[in-house]
Amino acid sequence: MRLYAVVAAGGFRRYATYRVATAAGVFTNTVFGFVMAYTYTALWAERPRLGGYDTSQALTYVWLGQALLMTCAMMGGGFEDELMERIRTGDIAVDLYRPADLQLWWMAGDLGRAAFHLLGRGVVPMALGALAFDLALPASPWRWLAFLVSVALGVLVSFAVRFLVALSAFWLMDGAGAMQMAWLAGLFFSGMLLPLNLFPGALGEVARALPWSSLLQVPADVFLGRHAGWDLVWAYAFQAGWAVVLLLAGRLLQSVATRRVVVQGG
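Residues numbered from 1 in each chain as written. Predicted model: local features only at pLDDT ≥ 70, side-chain atom pairs only at ≥ 80, totals over all residues. Heavy atoms only, no water.

## A few points about unusual backbone geometry
For the record, the criterion: Where helices and strands are cited, they refer to DSSP runs of H or I of at least four residues and of E of at least two residues respectively, numbered from the N terminus.
The backbone phi angle of Arg 49 is positive, close to 65°, even though this residue is not glycine. By the secondary structure assignment, Arg 49 is in the loop between α2 (19–46) and α3 (55–68). Not every positive phi belongs to a glycine, and Ala 73 is a case in point at roughly 50°. By secondary structure assignment, the location of Ala 73 is in the loop between α3 and α4 (80–89).

## Comments concerning the packing of aromatic side chains
Put simply, the test is: Note on aromatic contacts: the rings of Phe and Tyr and the six-membered ring of Trp form a pair at centre separations within 6.5 Å, being stacked when their planes are under 30 degrees apart, edge-to-face when over 60 apart, and tilted otherwise. Here's how the labels work: a residue is buried when its accessible area is under 20% of the maximum for its type, exposed when over 50%, partly exposed in between, all with a 1.4 Å probe on protein chains only.
One pass over the structure, following the stated rule, counts 17 aromatic pairs. Aromatic pair Tyr 40 and Trp 44: ring centres 5.2 Å apart, planes at 20°, arrangement stacked. With Tyr 40 and Trp 44 both in helix α2 and four residues apart, the pair spans about one turn of that helix. Given a relative accessible area of 5%, Tyr 40 falls into the buried group. Judged by relative accessible area, which is 1%, Trp 44 ranks as buried. Where Trp 144 meets Phe 223, the ring centres are 5.0 Å apart and the plane angle is 90°; that geometry is what we call edge-to-face. With Trp 144 in helix α7 (residues 141–167) and Phe 223 in helix α10 (residues 217–223), the pair connects residues that are 79 residues apart, well separated along the chain.

## Considering α3
Heads up, the condition is: Here, expected helix span is obtained from the residue count minus one, scaled by 1.5 Å. Pairs of N or O atoms are called polar contacts if they sit within 3.5 Å, as long as, within protein, a hydrogen donor faces a hydrogen acceptor (for residues adjacent in sequence, only side-chain-to-side-chain pairs).
Helix length check: α3 (14 residues) gives 20 Å between terminal C-alpha atoms against 20 Å at 1.5 Å per residue, within 8%. With respect to burial, α3 is a largely interior element, 13 of its 14 residues being buried. Between the side-chain oxygen at the start of α3 and the backbone nitrogen of Ser 56 there is a gap of 3.2 Å, and the oxygen is on Asp 54.

## A few points about the nonpolar core
Basically, it comes down to this: Among buried residues, those of type Ala, Val, Leu, Ile, Met, Phe, Trp, Tyr and Cys that are joined through side-chain atoms within 4.5 Å constitute a nonpolar core. Here, residues are in contact when the closest pair of their heavy atoms is within 4.5 Å.
Counting 69 residues, the largest nonpolar core has Met 74 and Leu 83 as its most contacted members. For this core, the leading source of residues is α7, giving 13 residues. Discounting chain neighbours no more than four positions away, the residues touching Met 74 are Gly 65, Leu 68, Leu 69, Trp 183, Gly 186, Leu 187, Ser 190, Met 192, Leu 215 and Leu 216.

## Quick look at helix α1 (residues 2–16)
Definition in use: Note that the arc is computed from the directions linking the helix axis to the C-beta atoms.
The end-to-end C-alpha distance of α1 is 21 Å, a good match for the 21 Å that 15 residues give at a rise of 1.5 Å each. Taken together, the buried positions of α1 are occupied by Tyr 4, Val 7, Gly 11 and Tyr 15. Axial view of α1: buried residues confined to an arc of 65°, hence all on one face. With respect to the buried face of α1, the exposed residues turned more than 90 degrees away are Arg 2 and Arg 13. Buried residues belonging to α1 abut α2 and α6 (102–132).

## A few points about the packing of α6 against α7
If you want to describe how two helices pack, look at the angle between their axes and the distance between the axes. Put simply, the rule is: Axis geometry follows a simple rule: fit a line to the C-alpha atoms, using only the stretch in contact for helices, then measure angles between N-to-C directions, giving values from 0 to 180 degrees. Should an angle fall under 35 degrees it is called roughly parallel, over 145 degrees roughly antiparallel, and 65 to 115 degrees roughly perpendicular, with every other angle called oblique. Working rule for handedness: look at the near helix, and if it is turned counterclockwise from the far one by less than a right angle, call the crossing left-handed; if clockwise, right-handed. Throughout this entry, Asp, Glu, Lys and Arg are counted as charged residues, while Ala, Val, Leu, Ile, Met, Phe, Trp, Tyr, Cys and Pro are counted as nonpolar. The remaining residues, Gly among them, count as polar.
As a packed pair, α6 and α7 sit with axes 10 Å apart at the nearest point and diverge in direction by 135°. Viewed along their axes, α6 and α7 adopt a mutual orientation that is oblique. In the crossing of α6 with α7, the sense of the turn from one axis to the other is right-handed. Facing Leu 102, Gln 103, Trp 106, Met 107, Asp 110, Leu 111, Arg 113, Ala 114 and Leu 118 of α6, the residues of α7 in contact are Leu 148, Val 155, Leu 156, Phe 159, Arg 162 and Phe 163. Of the residues assigned to the contact of α6 with α7, the class counts are 11 nonpolar, one polar and three charged.

## Examining the packing of α2 against α3
Packing of α2 against α3 leaves a shortest axis separation of 9 Å and a crossing angle of 155°. Judged by the inter-axis angle, α2 sits roughly antiparallel to α3. Here α2 and α3 pass one another in a crossing that is right-handed. For the pair α2 and α3, contact is made by Asn 29, Thr 30, Phe 32, Gly 33, Phe 34, Met 36, Ala 37, Tyr 40, Thr 41 and Trp 44 and by Thr 55, Ala 58, Leu 59, Val 62, Trp 63 and Gln 66, respectively.

In C-alpha cells:
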C-alpha cells in the first residue's frame, strides 16, 4: 500500500506544478459559477421550491457543481487520455508486466489528482460564491465530514467509469469516441447542467439510479442536509455499490486485456 500512497502523492504534486493552469481554472469556474447562479436566481424567482430546493439551496448547488467539476472529472481531464495512448502505442505491455496492479496504480494517481482539484480549484470558487450569495452552508462539522466522504465515493465511481472507458481502447481503433460519450453522459446525468431532482417522471428516476449521480447530485444533497440518518447510509451504500460493481468490472476487463496482451506477445 505504501507504493500506491506514493503514487497518489505524486499525482497531487504533478497537478500542483501547473499553477497558471490552476489559476485559469479557478477563474473559469468562478465565471461560470456566477453565470449559472444568476440564471438559477431568475429561475427560482419564477418557480420557488423547484426540485425541493429553496433559492439559497439552489445557489449552493451551483457552487458545489463548480467545486466538484474537476474533482470528480465530470468533463474528463484525468488519467484516461494517457492510459488510452499507452494502449494505442503498446506501452501498456510494460505496465502489465510491472509488479504493481494496473488498476490500483492509476486509481492512486487519480485520487491524488482529485485531492488537488478539490483544494486547488474547488475551495476558491466556493468561497467567492459564499461571499457573493446567501449560500446554505452547513453549521455542523459532521455534515462537512459526511460531504467529504460522499465526495470521496463519487471520485471512486468517476475513476471506475473512466477506467472502463479507457480500457475499451484495447478493442477499438480509437477510444476517443467512447470517451466523448462518457463525458457527455457524465455532464448530463451527474446533475451538472440541472439538478436531477428537476428531471420529470421516468427520466428523473433513471438519471438518479445511474452511477453518474454519485458525482454531484448525491454529494450535493448530503451537503444540503437532504440525506441524514439511515437515508445518509443509503446514499453511501448507493455510491459504494456502484464503485464496487464498476471497479470489479474494470478488473475483469483488465484480466481479459492482460490475457490478450500475453497471447499476442507470445
